[in-house]
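One letter stands for each residue in the lines below.
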Amino acid sequence: MSALDDWRTDLRRWLDDHVPAWWQEEFAATPYEVPERRFDEIRAWQRTLFDAGYMGLTLPRAYGGQGLSAEHELIRAEEMVRASAPPIANQVGVKQCVPALLEYGTEEQKRRFLPGILSADEIWCQGYSEPGAGSDLASLQTRAVLDGDDYVVNGTKIWTTYGTHADWIFALVRTDPEARKQAGIGFLLIDMKSPGIEVAPIVNITTDVDFCQVFFEDVRVPAAHMVGRPTQGWEVANHVLAHERGANLAMLRFGDFLDQIAERARITHRAGRSLADDPSFRQRFAQCRIEFEVLKQQVLQSVEEVRTGRKAGPASSLLKLQMSEYDQRLSRLANEAQGLAAQHWLDDGIDRGIWQWRELWSRAYTIFGGSSEIQRNIIAERILGLPRTGKGRK
Ligand SMILES: Cc1cc2nc3c(=O)[nH]c(=O)nc-3n(C[C@H](O)[C@H](O)[C@H](O)COP(=O)(O)OP(=O)(O)OC[C@H]3O[C@@H](n4cnc5c(N)ncnc54)[C@H](O)[C@@H]3O)c2cc1C
């Protein structure tokens, strides 16, 4: 056996011993969502992973990582899927702030912030959207004005996921109001405990309090917390967005979900016969199965390309679009397979109502990180080379 095989065996054993039992019982059908009501436990789970040496595999040890290879990262992702392990709590930090810091951060910023992101000691949120700037993100108005060694920040951010849990926010701020829209933006790291910050939670469609509005009034932020040049924020943000939209191996679990849906359809009856014998249901099920096999190949190909050093680019929009829209169809099918029982909510429902919850939550995927319409614009313009038609978060 190779050293990689040994590493996989150890990890598999470790996961068998450590994946929390409550997760398996309550949330095994949520491959990447962090259920708000269990946020603290998921945070502890990430800490457990970190302590065991299973976070930041490819990052240098000086930054809290393990200095291992991309192959280790791939094995970890595969084994996490196999074990139906929970996601990590600091997803925004790991998937977005880490790539930003690695590419654009100073050595001091990397050493200061990366270990806390990996260990979940410091939870991060993303401050991009504003009430007047969503798809057209470059219209953002939150100002950062240099005053001595500090920036003074005023404005508001909205739809800030994990804003109530976050210790830090990476925010896009306008540093030069005279410059062209995209050219006058900075990428600033702000301590959420700073005086002048107020966080107002927003209840979402699943009744969870996932996101919030953050208000900044004369918030002082050390200038040393600017990532990249003060007017390089748009470039940093686009680098981050490509990572946010990239391949997610957790979708491989959709294969198990399809098996579960088939199982449920066999015991659900409609019009006197098993749903599994209903031609219309069978057709939609088969379509979902086919699409899963296609998506799986695309995800694996994308992971391989990233592993071999290709930078995440506009092609990540294709995956984001397909995965997010597929997720909605799959959740719909899962609820249909429950028949009338699909009307029950959470603890009253089959599998603790997780599919009802997922069907509502899956609306979010087609909105955050750039809506489906914006992804289609990107695909049209940047991949197909069609003429440019409008604005949008790109
Ligand atoms: C669950 C969830 C979590 C989120 N978390 C965060 C977060 O942590 N941090 C953060 O900064 N933001 C977050 N967002 C915000 C998200 O990025 C924005 O909602 C998204 O970019 C869309 O912006 P908007 O809501 O202002 O809609 P708008 O931009 O007003 O769009 C409204 C509608 O018009 C369509 N549209 C807009 N422009 C075009 C165009 N040029 N061509 C075609 N159609 C267009 C859109 O597709 C959409 O259907 C989150 C959103 C959700 C739903």
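Everything numeric in this text was worked out from a predicted model, so none of it was measured.

Scanning the chain from terminus to terminus reveals 12 helices and 10 strands. In terms of principal-axis extent, the alpha carbons of the chain reach across some 75 × 50 × 45 Å. Here the chain holds 394 residues, and 38% of them are scored as buried. Of all intrachain contacts in the chain linking residues separated by at least 6 positions in sequence, the fraction that spans at least 24 positions is 71%.

With that out of the way, let us pick up the packing of helix H1 (residues 3-18) against helix H4 (residues 70-82). The description of two helices packed together rests on the angle between their axes and the distance between the axes. Where H1 meets H4, the axes come as close as 10 Å, and the angle between the chain directions of the two elements is 35°. The two elements H1 and H4 cross, and the hand of that crossing is right-handed. Along the contact surface, H1 presents Leu4, Trp7, Arg8, Leu11, Arg12 and Leu15, while H4 presents Glu71, His72, Ile75, Arg76 and Glu79. Residues that form the contact of H1 with H4 fall into these classes: 5 nonpolar, 1 polar and 5 charged.

Our next topic: the pairing of strand E2 (residues 143-147). As a general feature of sheets, a regular strand has side chains that alternate between the two faces. Across 5 bridges, the pairing between E2 and strand E3 (residues 150-161) is antiparallel. When the bridges of E3 are listed, arginine 143 appears paired with asparagine 154. Following E2, the chain reverses through 2 residues before pairing antiparallel with E3; glycine 148 in that reversal takes a positive phi of roughly 65°.

Further remarks concern the site of the ligand. What surrounds the ligand is a group of 23 residues, the closest being Tyr128, Gly134, Ser135, Ser371 and Glu373. Sorting the residues of the shell around the ligand by element identifies strand E1 (124-127), E3 and helix H12 (372-383) as the ones contributing at least two each. Grouping the amino acids of the shell around the ligand by side-chain chemistry returns 8 nonpolar, 12 polar and 3 charged. Summarising the domain contributions, the shell around the ligand has at least three residues from each of domain 2 (124-233) and domain 3 (245-383).

Look at tryptophan 159: it is not a glycine, yet its phi comes out positive at around 65°. Relative to the elements of secondary structure, tryptophan 159 occurs in strand E3. What makes tryptophan 159 buried here is the crowd of 22 C-beta atoms within 10 Å. Within the chain, threonine 207 stands out as a residue other than glycine whose phi angle is a positive 75°. With respect to the helices and strands, threonine 207 occurs in the loop between strand E6 (197-202) and strand E7 (211-222).

Split by domain assignment, the chain resolves into domain 1 (3-89), domain 2 (124-233) and domain 3 (245-383). Measuring from the centre of the C-alpha atoms in domain 1 to the corresponding centre in domain 3 gives 22 Å. Between domain 1 and domain 3, the residue contacts involve 13 residues of the former and 15 residues of the latter. A per-element tally of the side of domain 1 that touches domain 3 places H4 first, with 5 residues. For the side of domain 1 that touches domain 3, the residue count by class is 8 nonpolar, 2 polar and 3 charged.

Here the focus is the packing of helix H8 (residues 254-267) against helix H10 (residues 315-336). Axis separation between H8 and H10 bottoms out at 10 Å; the angle between their running directions is 25°. The angle between the axes of H8 and H10 places the two elements in the roughly parallel class. Like other packed secondary-structure pairs, H8 and H10 cross with a definite hand, here left-handed. Within the contact between the two elements, H8 uses Phe254, Phe257 and Ile261 and H10 uses Leu330, Leu333 and Ala334.

Note on placement: threonine 48 falls in helix H3 (residues 39-51). With 15 C-beta atoms counted inside 10 Å, the residue threonine 48 sits in the partly exposed group.

Taking 1.5 Å of rise per residue, 12 residues should cover 16 Å, and H12 covers 15 Å from first to last C-alpha, within 8% of that figure. Among the residues making up H12, those that are buried are Ile374, Gln375, Asn377 and Ile378. Projected onto a plane normal to the axis of H12, the buried residues spread over an arc of 155° and lie on a single side. Close packing links the buried residues of H12 with H10. Positive backbone phi, at 75°, marks glycine 385, one or two positions downstream of H12.

To continue, consider the nonpolar core. Core analysis: the largest hydrophobic core is formed by 61 residues, its most contacted members being Trp124, Ile169, Leu188 and Ile190. Counting only domains with at least three residues in this core, you end up with domain 1 (3-89) and domain 2 (124-233). Contacts of leucine 188, omitting those with residues within four sequence positions, involve Ala144, Tyr151, Ala171, Val173, Val221, His225 and Met226. Among the nonpolar cores identified, the runner-up in size contains 21 residues, and Ala247, Met251, Ile261 and Leu275 belong to it.

Reading the values: rules and limits
Residues numbered from 1 in each chain as written. Predicted model: local features only at pLDDT ≥ 70, side-chain atom pairs only at ≥ 80, totals over all residues. Helix = DSSP H or I, 4+ residues; strand = E, 2+ residues; numbered from the N terminus. Buried ≥ 20, exposed ≤ 12 C-beta atoms within 10 Å, placed from the backbone. Contact = placed C-beta atoms within 7 Å. Axes fitted to C-alpha atoms, helices over the stretch in contact; angles between N-to-C directions. Left-handed = near helix turned anticlockwise from the far one by under 90°. Nonpolar A, V, L, I, M, F, W, Y, C, P; charged D, E, K, R; others polar. Pairing = 2+ DSSP bridges. Near = placed C-beta within 6 Å. Domains from an automatic or database assignment. Parallel < 35°, antiparallel > 145°, perpendicular 65-115°, else oblique. Expected span 1.5 Å × (residues − 1). Arc of directions from axis to C-beta. Core = buried A, V, L, I, M, F, W, Y, C linked by C-beta atoms within 7 Å.

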